[in-house]
Amino acid sequence: MADSGVNDGIDALENLPREARVNQLRNMIETLQIADAIAKEGYLITSSELADLMDVNASAVTSRGEYWAWRNWSVSRVRREGNQILWQLERLD
């Protein structure tokens, strides 16, 4: 049986007015541009910052392991500073 929560979310998006859907696309583009800038500059970001960028809980970031892909980027756990895990984004070709 399919996950109705996912389908409900898709139906809800499709039922939004066009202006709201375009606004969500603008927000997504801004998020992707931020991720690109982080990768390009080689910035390291914390789990909570990465979670904010991905729009997930920080625990969802840390539970994924040392190396994984998110959209157009590979995400690598680089090191720990104090109680913070630092991550690096690299653009996938």
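Residues numbered from 1 in each chain as written. Predicted model: local features only at pLDDT ≥ 70, side-chain atom pairs only at ≥ 80, totals over all residues. Heavy atoms only, no water.

K.L.:
How should helix α3 (residues 47-54) be read in this particular structure?
P.N.:
A turn of α-helix holds 3.6 residues, and therefore any two residues three or four places apart point the same way. Among the residues of α3, S47, L50, A51, L53 and M54 are the ones counted as buried. Buried positions in α3, seen along its axis, are confined to an arc of 160° and lie on one side of it. On its buried face, α3 is in contact with α2 (18-41), β1 (44-46), α4 (58-62), β2 (67-70), β3 (73-81) and β4 (84-91). Positive phi shows up at D55, right after α3, with a value of about 60°. (Buried < 20%, exposed > 50% of the residue type's maximum accessible area, 1.4 Å probe, protein only. Helix = DSSP H or I, 4+ residues; strand = E, 2+ residues; numbered from the N terminus. Arc of directions from axis to C-beta. Contact = heavy atoms within 4.5 Å.)

K.L.:
When you look at the nonpolar core in this model, what are you seeing that I'm missing?
P.N.:
Nonpolar side chains tend to gather and get buried jointly when the protein is soluble and globular. L50, W68, W70, W87 and L89 are the most contacted members of the largest nonpolar core, which has 17 residues in total. Sorting the residues of this core by element identifies α2, α3, β2, β3 and β4 as the ones contributing at least two each. When residues no more than four places from it in sequence are discounted, the contact partners of W70 are T31, A35, L53, M54 and V75. (Core = buried A, V, L, I, M, F, W, Y, C linked by side-chain atoms within 4.5 Å.)

K.L.:
Honestly, unusual backbone geometry in this entry has me stumped. Any pointers?
P.N.:
Apart from glycine, the bulk of residues carry a negative phi angle, and the bulk of peptide bonds sit in the trans form. Even without glycine at this site, D55 takes up a positive phi of about 60°. Position of D55 among the secondary structure elements: in the loop between α3 and α4. Here the phi dihedral of R71 falls at roughly 50°; this positive angle occurs in a residue that is not glycine. In this structure, R71 sits in the loop between β2 and β3.

K.L.:
Would you mind showing me how to read the sheet that holds β3 here?
P.N.:
Paired through backbone hydrogen bonds, the strands of a sheet run either parallel or antiparallel to each other. Ordered by their spatial adjacency, four strands build an open sheet running β1-β4-β3-β2, and the pairing between neighbours is antiparallel. Only two strands of the sheet have a single neighbouring strand rather than two, namely β1 and β2. Each neighbouring strand pair of the sheet contributes to a mean axis angle of 40°, computed without reference to strand direction. Of the pairings in the sheet, the one linking β1 to β4 comprises three bridges and is antiparallel in character. Its bridge partner being in β4, I45 is matched across the sheet by W87. Sitting on the sheet, α2 touches β1, β2, β3 and β4, and the angle it makes with β4 is about 100°. (Pairing = 2+ DSSP bridges. Axes fitted to C-alpha atoms, helices over the stretch in contact; angles between N-to-C directions.)

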